[in-house]
Amino acid sequence: MRDYRDAKTMAKTLREALAARTIEITHSEALEIVARQFGVETWNILSAKIEVKPTAGGPQFEQAVPIVRIFDVAKAHEFYLGFLGFSVDWEHRYGDNFPLYTQVSRAGLRLHLSEHAGDATPGGNMVVYMKGIRGFQKELIGKDYRYMKPGLEDEGSRWEVTVTDPFQNRIRFMELKD
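Residues numbered from 1 in each chain as written. Predicted model: local features only at pLDDT ≥ 70, side-chain atom pairs only at ≥ 80, totals over all residues. Heavy atoms only, no water.

## A word on a nonpolar patch on the surface
Judged by side-chain polarity, V127, Y129 and L176 come together as a nonpolar surface patch covering roughly 300 Å² of accessible area. With respect to the secondary-structure elements, V127 resides in strand β5 (residues 125-129). Given a relative accessible area of 39%, V127 falls into the partly exposed group. (Patch = residues over 30% accessible without salt bridge, like charges linked within 9 Å, V, L, I, M, F, W, Y side chains within 5 Å. Areas by Shrake-Rupley, 256 points an atom, 1.4 Å probe, with all protein chains shown as cover. Salt bridge = Lys/Arg side-chain N within 4 Å of Asp/Glu carboxyl O. Helix = DSSP H or I, 4+ residues; strand = E, 2+ residues; numbered from the N terminus. Buried < 20%, exposed > 50% of the residue type's maximum accessible area, 1.4 Å probe, protein only.)

Given below as structure tokens:
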């Protein structure tokens with residue numbers, strides 16, 4: 001019996017079965033359907049659970065969590081929580097009137113936001129690979145955020161949506177084309 005580790009094969013089988021009935025869907029759409037069949041919201045969440053077999057004696061990496069430098073908690077919350085739709089997982093301060101260090105997440109992506117000098121440099125740049133970029137871009141436009149109306153750019157082998165936070169940190173969301 002197949003389990004979540006067979007998700008890509010299951011998506012391919014689903015596409016082939018639908019194509020035989022003259023119903024066409026993209027590979028990305030098939031992956032999203034398979035993810036929902038396993039009871040998770042998106043393919044990104046399911047793919048994070050799929051184990052990568054480490055080489056014998058070699059390292060085994062986990063997800064990287066970028067640290068993003070912020071200077072104003074209210075502006076950071078407006079951007080990351082309000083506009084991008086992240087949720088606060090936890091917050092840490094060493095005491096009253098100390099800088100904030102917090103984790104925000106959405107659909108398997110985690111970011112650490114820090115007011116601490118030296119944790120990160122403002123004006124950073126990160127790439128986030130994802131699925132469902134068209135819907136994500138429409139969601140962002142629908143929020144009517146006054147400082148940004150990101151477009152969906154065709155970069156040849158990928159689709160890209162770029163956003164810049166109030167502290168000049170840039171996030172490039174990318175979806176590879178089939």
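## Focus: the nonpolar core
Side chains of nonpolar character tend, in soluble globular proteins, to be buried together. Ranked by size, the top nonpolar core spans 26 residues in total, and within it Y80, L84, V163, I171 and F173 carry the most contacts. Counting only elements with at least two residues in this core, the list comes to α4 (73-83), β4 (109-114), β5, α5 (133-142), β7 (158-164) and β8 (170-176). Sort the elements by how many residues they give to this core and α4 lands first, with 4 residues. Residue contacts for Y80: discarding those within four places in its chain leaves V68, G85, F86, L111, L113, D165, N169 and I171. Residues A30, V34, A35 and L46 belong to the second largest nonpolar core, which totals 10 residues. (Core = buried A, V, L, I, M, F, W, Y, C linked by side-chain atoms within 4.5 Å. Contact = heavy atoms within 4.5 Å.)

## Quick look at the side chain of T42
Considering the arrangement of structural elements, one finds T42 in the loop between α2 (27-37) and α3 (43-49). The buried category is assigned to T42, whose relative accessible area is 17%.

## Structural notes on the sheet that holds strand β6 (residues 153-154)
The strand order β5-β8-β7-β6 describes an open sheet built from 4 strands, whose pairing is mixed. Of all the strands in the sheet, just β5 and β6 have a single pairing partner and so form its edges. Here β7 runs beside β8; their pairing, made up of 7 bridges, is antiparallel. Note that in β8 the partner of R158 across the bridge is L176. Here α5 sits on the sheet and contacts β7 and β8; the angle it forms with β7, its principal contact strand, is near 30 degrees. (Pairing = 2+ DSSP bridges. Axes fitted to C-alpha atoms, helices over the stretch in contact; angles between N-to-C directions.)

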